[in-house]
Amino acid sequence: MTSLLVAILVIMAISLAFSIGANDETLSVLVGAGVLKFKIALIIGGIAIGLGMILFSGGFVAKTVGADILGEGIQYTTFMLLTVLISSIIWLVLGSFAGIPLSSTHSLIGSVVGVVIVYAIFQGGINLEIAFNWEKLSNVILSWIISPLSGLVITFIFFKLIVKLYLYRLKGLNQIEKSEKYFKWILFIVVIFAEIWVGANSGEALGILYGLLANSSLNIQQYFFFSIICGVAAFLGIYIAARYVIKNLASQMITSRPSEGIIIQLSSSVILMIATLFGLPISHSHVVVFCIIGLNLAQKKDIDYKSLIKMAIYWILTFPIAAILSALFYYGLAIIGLI
Amino acid sequence: MRILLELSEKELNKLSVDELTRLFMDNINEQNLQLINGIECLVEEDFDTFKKSLNYVIKTTTEVQIKKTFENKIFKSKLMFSKADRLKVFGKINDIKNIGEFMANRLLLYRAIFPDEEFKLHVLSILKSLRMISLNLSESVKLIGSDLRKSYDICEDVKEGRRKMRREEWKLLNRLYNYDMDYLSRTFLYLKEMIEDIMMLADHIKSFSEYIQFLATKYLIFD
């Protein structure tokens, strides 16, 4: 039974890795700018995200999600991991049907919190004070606030600097076109850099595998083997599924300038990089949204505050709702005697 | 009458999209100035030069090859994001030609005699303004590739010139409607339509200049 559950969890983790790739829109700015042919962009971007996932699977975000946010003497059981996965998936699917953009990172951490609370109280007999590594958990939650705001500020400053040092000096359309051609290639490098960190910060799939490693359901060789499979799944996710979203978004970006894409992607990827190195799972989409806001503020463009407030409300609610869902689900499983 | 040298197809193919746009603008501007010159000759009752100038506007096709070369080049060019805007600029230059040709054909329908010297002076004044805004627009278009900021500033002069023409138009029409003449006479209709056609061209030039200003705000970063 345990082996079957572990197998199911591994398959679900791989599927999650596929969905991470499938939901990634980072390449759309590259395709929209016409830097690379569409299929080549998908292949290179897919390799980057897969590599990011594989290279940073040994610790960092995977370790935080899979072990570090839990308190001393508490480890994930296979049922806990299963509940976390199922409840976060349910919440994300519900959100998709309702047309609400939700963060998979926030969903996952929220689900973990819900499950661990129920486990600690009703099964493990563990004091809530030691059920979590509160310092780590609070750092994770704090990073959800700091990362998008940092994205806004960094993008704002970065744009102003680039304008002052370079863009303001461009006078005619010919000069602008010529300079943007060079920016095109810088954009390529920056987007690949961003994809690596998107993969590296994706703690959902590898966090589950790390949890299995931590509770000895997997050995270290199996863990790294399945991490590589997750990397490949992320690549396939981009190549097979994300292409439609990327193509759709890219067609809306045909008139956007590579210089603007560089500013947003570089700002968001630097934040992702810093968060990853600190082992903090953050939402890439949140960071990108705030980077775009930062750019709009710097360009003195209008901001749709109404939509922003609506989005912020969903973001704030994701964590507690995912926690409640997972807690109820886990409690339900416990009551019917499955665990 | 200055006639621009025709370039061969081979020579045109060597030019960039921007160079073709500038060459096209020069050609159309030249025809426009011929049209204005022709109407001035009409005012001065030099009917031979009037006919010659307007026939030049109608019959000349020096710009056709430039247009074909541009259309071939623009879609194959490696321009990243300004293709649509450049195509639109080219289209607006072409519209000047179309309006000019329409005006020339209409003006050749009849040989009108102007009511008095005062009226002639007002017509010459409005034509002087039209010449000025045409030249300004031409300069502005040719600066799009190299200095959009200056192009933007010149467009302000174009808009001011056209505002002045609008004031002159009302004076002219006021005079025309107050002459002791039959309002259904060919002379009245001819002069009224002539004034309206001049303003139609001026309005197009003004709208074109606003588009150039839109391009400047789109591509430049203003403080």
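Residues numbered from 1 in each chain as written. Chains lettered and ligands numbered in written order. Predicted model: local features only at pLDDT ≥ 70, side-chain atom pairs only at ≥ 80, totals over all residues.

(A) Fine view of the overall build of chain A. The number of helices and strands found in chain A is 14 helices and 0 strands. Taken over C-alpha atoms, the radius of gyration comes to 21 Å for chain A, in line with the 20 Å a tight globule of 339 residues would show. Oriented by its inertia axes, the alpha-carbon framework of chain A measures out at about 70 × 35 × 35 Å. By residue count, 54% of the 339 residues in chain A fall in the buried class. Restricting to contacts in chain A with at least 6 residues of sequence separation, those with at least 24 account for 89%. (Helix = DSSP H or I, 4+ residues; strand = E, 2+ residues; numbered from the N terminus. Rg over C-alpha atoms; globule rule 2.2 N^0.38 Å. Buried ≥ 20, exposed ≤ 12 C-beta atoms within 10 Å, placed from the backbone. Contact = placed C-beta atoms within 7 Å.)

(B) Quick look at the overall build of chain B. Secondary structure summary: chain B contains 8 helices and 0 strands in total. Along chain B, helices (α) and strands (β) appear in the sequence α-α-α-α-α-α-α-α when read from the amino end. Its C-alpha radius of gyration of 19 Å places chain B within 12% of the 17 Å reference for a compact globule of 223 residues. Relative to its full complement of 223 residues, chain B shows a buried share of 37%.

(C) Quick peek at helix H2 (residues 17–43) of chain B. Here H2(B) spans 39 Å end to end across 27 residues, near enough to the 39 Å set by a 1.5 Å rise per residue. Backbone geometry just after H2(B) places Glu45(B) at a positive phi near 65°. (Expected span 1.5 Å × (residues − 1).)

(D) The arrangement of unusual backbone geometry in detail. Residue and element names in this part refer to chain A. One non-glycine residue, Ser-216, lies in positive phi territory at about 65°. Among the secondary structure elements, Ser-216 is positioned in the loop between helix H10 (203–214) and helix H11 (220–251). Its identity as a non-glycine residue notwithstanding, Lys-300 has a phi of 60°, on the positive side. Structurally, Lys-300 is set in the loop between helix H13 (284–298) and helix H14 (305–335). Judged by the 8 C-beta atoms lying within 10 Å of it, Lys-300 is exposed.

(E) Focus on the environment of Phe159(A). All names here are of chain A. Mapping Phe-159 onto the fold places it in helix H8 (residues 134–165). Each C-alpha atom, one on Phe-159 and one on Gln-123, is 53 Å from the other, the two residues being 36 residues apart in sequence. Once residues lying within four places of it in the same chain are set aside, the contact partners of Phe-159 are Ile-263, Leu-295 and Ala-298.

(F) Representation of the packing of helix H1 (residues 2–22) of chain A against helix H5 (residues 78–97) of chain A. All names here are of chain A. It is at 10 Å that the axes of H1 and H5 come closest, and there the two elements cross at 30°. Viewed along their axes, H1 and H5 form a crossing whose handedness is left-handed. Contact residues: H1 offers Thr-2, Leu-5, Val-6, Ile-8, Leu-9 and Met-12, while H5 offers Thr-78, Leu-81, Leu-82 and Leu-85. Per-class residue counts for the contact of H1 with H5 are 8 nonpolar, 2 polar and no charged. (Axes fitted to C-alpha atoms, helices over the stretch in contact; angles between N-to-C directions. Left-handed = near helix turned anticlockwise from the far one by under 90°. Nonpolar A, V, L, I, M, F, W, Y, C, P; charged D, E, K, R; others polar.)

(G) Structural view of the environment of Gly211(A). Residue and element names in this part refer to chain A. Within the fold, Gly-211 resides in helix H10. The sequence separation of Gly-211 and Glu-195 amounts to 16 residues, and the corresponding C-alpha distance is 24 Å. Every residue in contact with Gly-211, bar those within four places of it in the chain, is listed here: Gly-66, Ala-67, Tyr-76 and Leu-81.

(H) Up close: the interface of chain B and chain A. Every contact between the two is made by 13 residues of chain B and, on the other side, 16 residues of chain A. For the side of chain B that touches chain A, the per-class residue count stands at 7 nonpolar, 3 polar and 3 charged.

(I) Structural view of the confidence of the model for chain B. All names here are of chain B. Mean pLDDT over chain B: 91, with 96% of residues reaching 70 or higher. When pLDDT is averaged over each helix and strand of chain B, the minimum, 84, is found for helix H1 (residues 9–13) and the maximum, 96, for helix H6 (residues 117–142). Scored by ipTM, the complex comes to 0.81, with pTM at 0.79. (pLDDT = per-residue confidence, 0-100.)

(J) The arrangement of the environment of Ile14(A) in detail. Residues and elements named next belong to chain A. By the secondary structure assignment, Ile-14 is in helix H1. Judged by C-beta crowding, with 21 C-beta atoms within 10 Å, Ile-14 ranks as buried. In the structure, Ile-14 is positioned 194 residues away from Ile-208 in sequence and 9.8 Å away in space, judged by C-alpha atoms. Non-local contacts of Ile-14, meaning those with residues more than four positions away in its chain, are made with Ile-229, Cys-230 and Ala-233.

(K) Representation of H10(A) within the structure. All names here are of chain A. The buried count for H10 comes to 11 of 12 residues, which makes it a mostly enclosed element. Of the residues making up H10, those classed as buried are Gly-203, Glu-204, Ala-205, Leu-206, Gly-207, Ile-208, Leu-209, Tyr-210, Gly-211, Leu-212 and Leu-213. The inward-facing, buried residues of H10 abut H1, helix H3 (38–55), helix H4 (60–68), H5, helix H6 (104–124) and H11. Just downstream of H10, Ser-216 is the residue with a positive phi angle, here 65°.

(L) Spatial organisation of the packing of H2(B) against helix H5 (residues 83–107) of chain B. All names here are of chain B. Two numbers describe how H2 lies on H5: the axes approach to 10 Å, and their chain directions differ by 20°. The orientation of H2 relative to H5 falls into the category roughly parallel. When you trace H2 past H5, the crossing you get is left-handed. Here H2 contributes Val-17, Thr-21, Phe-24, Met-25, Ile-28, Gln-31, Asn-32, Leu-35 and Ile-39 to the contact with H5, which in turn contributes Arg-86, Val-89, Phe-90, Ile-93, Ile-96, Lys-97, Gly-100, Met-103, Ala-104 and Leu-107. Its residues assigned to classes, the contact of H2 with H5 comprises 13 nonpolar, 4 polar and 2 charged. (Parallel < 35°, antiparallel > 145°, perpendicular 65-115°, else oblique.)

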